[in-house]
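Here are the chains, one letter per residue:
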Amino acid sequence: MSGWHREREARDARVEAGRAHATGKIVAAANVVDLLEAILEPGDRVCLEGDNQKQADCLARGLSRCDPGRVHDLHMVQSGIVLPEHLDIFEQGIARRLDYSYSGPQGGRIARMLYGGQIELGAVHTYLELFARYFVDLTPNVALIAGVSADRDGNLYTGPNTEDTPTVVEATAFKNGVVVAQVNEIVERVPRVDIPGDRIDFVVEADTPFYVEPLFTRDPAAMTETQILMAMMAIKGIYAEYGIRRLNHGIGFGTAAIELLLPTYAERLGLKGEIATHWALNPHPTLIPAIESGWVKQVHCFGSEVGMDRYIRERSDIFFTGSDGSLRSNRAFCQTAGLYACDLFIGSTLQIDLAGHSSTVTQNRVAGFGGAPNMGSDPHGRRHPSDTWMKAGREAQITGDPALMRGRKLVVQIVETFGEGLVPAFVERLDALELAKKIGLELAPVMVYADDVTHIVTEEGIANLLLCRNADEREQAIRGVAGYTEIGRGRDRAMVERLRQRGIVRRPEDLGIEPLDADRSLLAAKSIKDLVHWSGGLYEPPAKFRNW
């Protein structure tokens, strides 16, 4: 083989072409389209930083304005499909193939485009899975990323929402790719160097600050008594019984309610210091009362949350912050922490079938699932014990040499039996299977597989699937908490009662919980304004949550 530096030479040629539109490394926002048309080639793999919060929106707008005659058939490999421009480029022929993880705000549109054949789908990945493939077979040729500020040498300050940036840059810059960063401002000296300048080829001073989605803000005023009841059951029937200290919460009002019950209901149960001390979690505003009450010891974050910057800065004992005082988040590290260092994941979903498989894919929406399959899976590579992990393992496996019996990570789905629009959460067959059939996917986009799920919590009770000894018991345990859905009405009542006697299905009364006690008075904060008071005025909620 002759020539071992062809990739490097091709990269240098791209950078040289881009320099015609730059002053040193600095590119004016008005020149973004010219820059992208100079450095991109048809068929390139491109990571346009669309995290589940931070968006390289100036670069997204620029890419959507490129000439499809010059830039076309791109293979987009990015975490989040969040902005309209992320899908506009497929309609325009600029992009053709997609590998991604999350598409919350664009879930309905991406479903229509997948069914309509406008997107050639590689796979819906977990975050860690996609990050891993950046270093194997989905390495970007060009990365378009976002940061808070940069100096003229390209040293980049990513600020609280670092998120995916280090991983994307590492994979691209060290494999002969081109990295373009949009920043809010060019400065003489960055507060801290999050990405060294030798990994950044071009810096665009954006016309507006990059967009950040307040994805993890839940207004306590919108919490229902049903969600409070489920939170009470989760705390008493799972957190207390397994002594869960290290955990991750998914997005949703059910988990936010748990956070707001820690300083009240859980405090009355005498659980302070015994549960919920160490977290892999975005800085949820609903965690503020628990932090202020001394429940929380440490939080490592995937990203930040709009309005939480001042609070985080003043709580450096709790959060991972840099010498500048701002949060240092990292999605890859936090996903790894959630996978291997946490004993519990609890989150929600849109559909659960009779085996316990779950997915956020429905007939009209393909939301992706981000990190839930990482958080919500039992990692067979784990080798360190904890009381929680070992207890769950003993429940699942009752025979064998104790020294060889693995523990189990607790994976809990907390769902109301009927979702928005009275759509049932429990189904005979996941819509994800129909999507796979229609568009020819070999593997259906299942979010959490049944063999990872240990508990299901609904307003009707808790199903402990660890204690089920065969498929029939598992099905009836799921039916036993499925409420008045068609699945719930199809239960074998006698068998469900036997499962209840064995503690596999537990109703609120079995846990000593009176459903009428599930009242909003239990919430440590009943509004966003209350959260601001708890924070001592440090929390600055986004305008759309300010209703006072």
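Residues numbered from 1 in each chain as written. Predicted model: local features only at pLDDT ≥ 70, side-chain atom pairs only at ≥ 80, totals over all residues. Heavy atoms only, no water.

Draft legend 1. Broad picture of the overall build of the protein chain. A tally of helices and strands in the protein chain yields 19 helices and 23 strands. Compactness check: the protein chain gives a C-alpha radius of gyration of 24 Å against a globular reference of 24 Å for 548 residues, within 12% of the reference. Taken along the three principal axes of its C-alpha coordinates, the protein chain extends 75 × 55 × 50 Å. Expressed as a percentage of the 548 residues in the protein chain, the buried residues total 61%. (Helix = DSSP H or I, 4+ residues; strand = E, 2+ residues; numbered from the N terminus. Rg over C-alpha atoms; globule rule 2.2 N^0.38 Å. Buried < 20%, exposed > 50% of the residue type's maximum accessible area, 1.4 Å probe, protein only.)

Draft legend 2. Broad picture of the side chain of Gln-227. Residue placement: Gln-227 occurs in helix H8 (residues 225-242). Within the structure, Gln-227 has its side chain in polar contact with the side chain of Glu-416 (distance 3.2 Å). Once you skip the residues sitting within four places of it in the chain, Gln-227 turns out to touch Ala-222, Phe-253, Ala-257 and Glu-416. (Polar contact = N/O pair within 3.5 Å; in protein donor to acceptor, adjacent residues only side chain to side chain. Contact = heavy atoms within 4.5 Å.)

Draft legend 3. Fine view of the sheet that holds strand S14 (residues 298-300). Across the sheet, 8 strands lie side by side as S14-S13-S12-S15-S20-S21-S22-S23; this open sheet has mixed pairing. On the outer flanks of this sheet lie S14 and strand S23 (505-506), each paired with one strand and no other. Strand direction decides the pairing type here: strand S12 (residues 246-249) and strand S13 (residues 278-280), joined by 2 bridges, are parallel. By the bridge assignment for S13, Arg-246 is matched with His-278. (Pairing = 2+ DSSP bridges.)

Draft legend 4. Spatial organisation of the pattern of salt bridges. Overall, the coordinates contain 40 salt bridges when judged by the stated rule. For the salt bridge of Arg-109 with Glu-91, the shortest nitrogen-to-oxygen distance reads 3.1 Å. In this pair, Arg-109 sits in helix H5 (residues 107-115) while Glu-91 sits in helix H4 (residues 84-91), placing the two residues 18 residues apart along the sequence. Taking the shortest distance from any N to any O, the salt bridge between Lys-391 and Glu-395 comes out at 3.7 Å. With Lys-391 and Glu-395 both in helix H14 (residues 387-396) and 4 residues apart, the pair spans about one turn of that helix. Note on Lys-391: relative accessible area 26%, which makes it partly exposed. (Salt bridge = Lys/Arg side-chain N within 4 Å of Asp/Glu carboxyl O.)

Draft legend 5. Highlighting helix H6 (residues 127-134). Among the residues making up H6, those that are buried are Tyr-127, Leu-128, Leu-130, Phe-131 and Tyr-134. End-on view of H6: buried residues confined to an arc of 160 degrees, all on one side of the axis. Those residues of H6 hidden inside the fold are in contact with strand S2 (45-48), strand S4 (74-80), strand S5 (95-102), helix H7 (165-173), helix H12 (331-340) and helix H13 (372-375). (Arc of directions from axis to C-beta.)

Draft legend 6. Quick peek at the packing of aromatic side chains. Per the stated rule, a full pass over the model turns up 2 aromatic pairs. Geometrically, the ring pair formed by Tyr-127 and Phe-131 is stacked, given 6.2 Å between the ring centres and 20 degrees between the ring planes. Taken together, the residues Tyr-127 and Phe-131, both in helix H6 and 4 residues apart, mark about one turn of the helix. No difference in accessibility class separates Tyr-127 from Phe-131, as the two residues are buried. Considering the side-chain rings of Phe-131 and Tyr-134, the 6.1 Å spacing of their centres and the 35 degrees angle between planes classify their relative orientation as tilted. Placement of the pair is Phe-131 and Tyr-134 together in helix H6, with a separation of 3 residues, close to one helical turn. Tyr-134 shares its class with Phe-131; the two are buried. Grouped by ring-pair contacts, the aromatic residues Tyr-127, Phe-131 and Tyr-134 constitute a single cluster. (Phe/Tyr/Trp six-rings, centres within 6.5 Å; stacked < 30°, edge-to-face > 60°.)

Draft legend 7. Here's a closer look at the packing of helix H16 (residues 471-479) against helix H18 (residues 493-501). Interhelical geometry of H16 versus H18 gives an angle of 95 degrees and a closest axis separation of 9 Å. As judged from the angle between their axes, H16 and H18 are roughly perpendicular. Contact with H16, carried on its side by Asp-472, Glu-473, Gln-476 and Ala-477, involves Met-495, Val-496 and Leu-499 of H18 and no other residues of that element. (Axes fitted to C-alpha atoms, helices over the stretch in contact; angles between N-to-C directions. Parallel < 35°, antiparallel > 145°, perpendicular 65-115°, else oblique.)

Draft legend 8. Quick peek at the nonpolar core. Grouped together as the largest cluster of nonpolar side chains are 85 residues, with contacts concentrated most on Leu-63 and Met-76. With 5 residues, the single largest contributor to this core is helix H2 (residues 32-39). With 62 residues, the next largest nonpolar core counts Met-230, Tyr-265, Ile-288 and Leu-538 among its residues. (Core = buried A, V, L, I, M, F, W, Y, C linked by side-chain atoms within 4.5 Å.)

Draft legend 9. Region of the structure containing the environment of Thr-286. Along the chain, the position of Thr-286 falls in the loop between S13 and helix H10 (288-292). Overall, the relative accessible area of 1% leaves Thr-286 in the buried class. Excluding residues that lie within four positions of it along the chain, Thr-286 makes contacts with Arg-218, Pro-220, Met-223, Ala-256, Glu-259, Leu-260 and Leu-531. A polar contact of 2.6 Å, which involves the side chain of Thr-286, links it to the side chain of Glu-259.

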